[in-house]
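# Summary of structural features
Chain residues, written in single-letter form:
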Amino acid sequence: MGEIFMIMIAAVLTENFVFSKFLGICPFLGVSDKPSTAFGMGMAVTFVMTLSSVVTWIVYNFILVQYNLEYLRTIAFILIIAALVQFIEMFMKKYVPALYQALGIYLPLITTNCAVLGAAIINIDNGYSLINAIIYGAFSAIGFTLAIVIFAGVRERINFASPPAIFKGVPISLVAAGLLAMAFAGFQGIEIV
Amino acid sequence: MNKKQSGINISKFAKEGILTNNPILIQILGTCPTLATTTTVINGIGMGISAAAVLIFSNLLISLLRKFIPKQVRIAAYVVVIAGFVTIVEMLLKAYIPALDKSLGLFIPLIVVNCIILARAEAFASKNDPVSSVLDGVFMGIGFTIALFLLATIREVLGAGTFMGLELFPVEFAVKIIVSPAGAFISLGILIAAFKSITAIIDKKAKKGEAEK
């Protein structure tokens, strides 16, 4: 139980995917303009990342390891994620149209979100059990959601500010992200035993 | 005639890849590895060259296959091609430069989802002949590596007081935050802003030169 709790806190706060592991920066800078859309994107990522953590863990441990094919990990994982995203999209469209309306537009972007592949690989590299892998996948995605929602709020304010001309757009966003990262670095002072 | 034309082409590709269309500093693609691997110059260059190698070969193969890949499944096909080359690079690094493989860690397999490579495959290699696709890959790769080198130099020199492991000044005088994640975001922001102002000056001069002519 203690280990699971530690994984949760680390994934959301101390080792936040965006601010300390630098995963998923593209959607972080690209999508997050309004907190509501950022939240939608975050939920879609959470959904896919939890499922993909399960599937990639099972495929790696029961298929790739069994046949000594560990070196095919990268190819296998990216194909699993791409297929999974496609499948979720079709499933949602048919059976949960309300959810599809809300999250559908973000789904195609997720295949190339490095956070999803990153979580799958970290699960294997850290030697997590299946339960730990699920927890890690889900809570890293929640950490990602937290980051993009907070940052979307910051961005709304930046739009009204007038930085020097050369800083307009991405540079000022990056500086703001740096300041947020400093705040998240504060969590690393918390020691969890 | 032919020679002259290819000469012009190369300088055009070089200008596109390194200056006017630099993948990191202008297109803002591939930010994840940029921020994560530029804590030291060696890591930055290692990442740049690995990604450039994948980019060149995937551009070549995708351009050769461009008439055979059906349109509907093209993205999936590109991803498989890229993942294949990434696996090759990963295995080569593990075998010959294990230290670099260890310090880049997660970000070597993550070259698969590097937006630059997919973007060049979709925007360039799928529409052009193999020779120009390779040239595009080479110069986009160089542009990527140069940007990583610049950012890594800033971060290593200011943040750790060393350059490629050589001590420049005692570590007590270093600004440690620049090596931390927060410093990565801030220094990349400042680098992009600086690059913007430099290209703006170059543009102005070019326009002035044209007007005088």
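As shown above, the structure is provided for reference.
Described in the following lines is the structure provided in the data block. For clarity, every value in this text was computed on a predicted model and none was experimentally measured.

What counts and what doesn't
Residues numbered from 1 in each chain as written. Chains lettered and ligands numbered in written order. Predicted model: local features only at pLDDT ≥ 70, side-chain atom pairs only at ≥ 80, totals over all residues. Heavy atoms only, no water. Helix = DSSP H or I, 4+ residues; strand = E, 2+ residues; numbered from the N terminus. Buried < 20%, exposed > 50% of the residue type's maximum accessible area, 1.4 Å probe, protein only. Contact = heavy atoms within 4.5 Å. Polar contact = N/O pair within 3.5 Å; in protein donor to acceptor, adjacent residues only side chain to side chain. Salt bridge = Lys/Arg side-chain N within 4 Å of Asp/Glu carboxyl O. Buried area = accessible area lost by both parts, 1.4 Å probe. Axes fitted to C-alpha atoms, helices over the stretch in contact; angles between N-to-C directions. Parallel < 35°, antiparallel > 145°, perpendicular 65-115°, else oblique. Left-handed = near helix turned anticlockwise from the far one by under 90°. Nonpolar A, V, L, I, M, F, W, Y, C, P; charged D, E, K, R; others polar. Phe/Tyr/Trp six-rings, centres within 6.5 Å; stacked < 30°, edge-to-face > 60°. Lys NZ or Arg CZ within 6 Å of the ring centre and 35° of its normal.

This next bit is on the overall build of chain A. Summing up its helical and strand segments, chain A has nine helices and zero strands in all. When its helices and strands are written in sequence order, chain A yields α-α-α-α-α-α-α-α-α. Across its three principal axes, chain A shows a C-alpha extent of roughly 60 × 45 × 30 Å. Split into buried and exposed, the 193 residues of chain A put 51% on the buried side. When contacts within chain A are restricted to residue pairs at least 6 apart in sequence, those whose partners lie at least 24 apart make up 79%.

Residue and element names in this part refer to chain B. Structurally, Thr38 is set in the loop between α2 (31–37) and α3 (41–64). There is a polar contact of 2.9 Å between the side chain of Thr38 and the side chain of Arg155. If we skip the residues at most four places from it in the chain, Thr38 touches Leu148, Leu151, Ala152 and Arg155.

Moving on to the pattern of salt bridges. Pairing between side chains of opposite charge can happen when the charged atoms of each approach one another. Tallying each qualifying case throughout the model produces six salt bridges over all chains. Of the charged contacts in the structure, one is a salt bridge between Glu15(A) and Lys21(A), with a shortest N-O distance of 2.9 Å. Among the salt bridges present, the one from Lys94(B) reaches Glu90(B), with a minimum N-O distance of 3.8 Å. Of this pair, Lys94(B) and Glu90(B) both sit in helix α4 (residues 74–96), four residues apart, roughly one helical turn. Look at Glu90(B) and you get buried, because its relative accessible area is 8%.

This paragraph deals with the interface of chain A and chain B. Across the boundary between the two partners, chain A contributes 36 residues, which contact 35 residues of chain B. Carbon and sulfur atoms supply 85% of the area buried between chain A and chain B, which totals about 2,900 Å² over both sides. Across the contact surface, chain A and chain B share one salt bridge. Among the salt bridges present, the one from Glu90(B) reaches Arg73(A), with a minimum N-O distance of 4.0 Å. Here chain A is connected to chain B by two residue pairs in polar contact (both at pLDDT 80 or more). Every element with two or more residues in the side of chain A that touches chain B is listed here: α2 (25–30), α4 (73–95), α7 (114–125) and α9 (170–185) of chain A.

Let us look at the packing of α4(A) against α7(A). All names here are of chain A. Close contact between α4 and α7 brings their axes to 10 Å; oriented N to C, the two are set at 135°. With respect to α7, the element α4 is oriented oblique. Here α4 and α7 pass one another in a crossing that is right-handed. Of the residues in α7, those in contact with Arg73, Phe77, Ile78 and Ile81 of α4 are Val116, Leu117, Ala120, Ile121, Ile124 and Asp125. Grouping the amino acids of the contact of α4 with α7 by side-chain chemistry returns eight nonpolar, no polar and two charged.

All told, the structure shown has 16 aromatic pairs over all chains when counted by the stated rule. Linked through ring pairs, Phe19(A), Phe22(A), Phe28(A), Phe151(A), Phe184(A), Phe187(A) and Phe185(B) together constitute an aromatic cluster. Just above the ring of Phe13(B) sits the side chain of Lys12(B); from NZ or CZ to the centre is 5.4 Å.

With that settled, the discussion passes to the environment of Ser63(B). Residues and elements named next belong to chain B. Locating Ser63 in the fold gives a position in helix α3. Given the relative accessible area of 0%, Ser63 is considered buried. For the pair Ser63 and Ile108, spaced 45 residues apart in the sequence, the C-alpha separation amounts to 24 Å.

It is worth stressing that arrangement in space is one thing and function is another; only the former is reported here.
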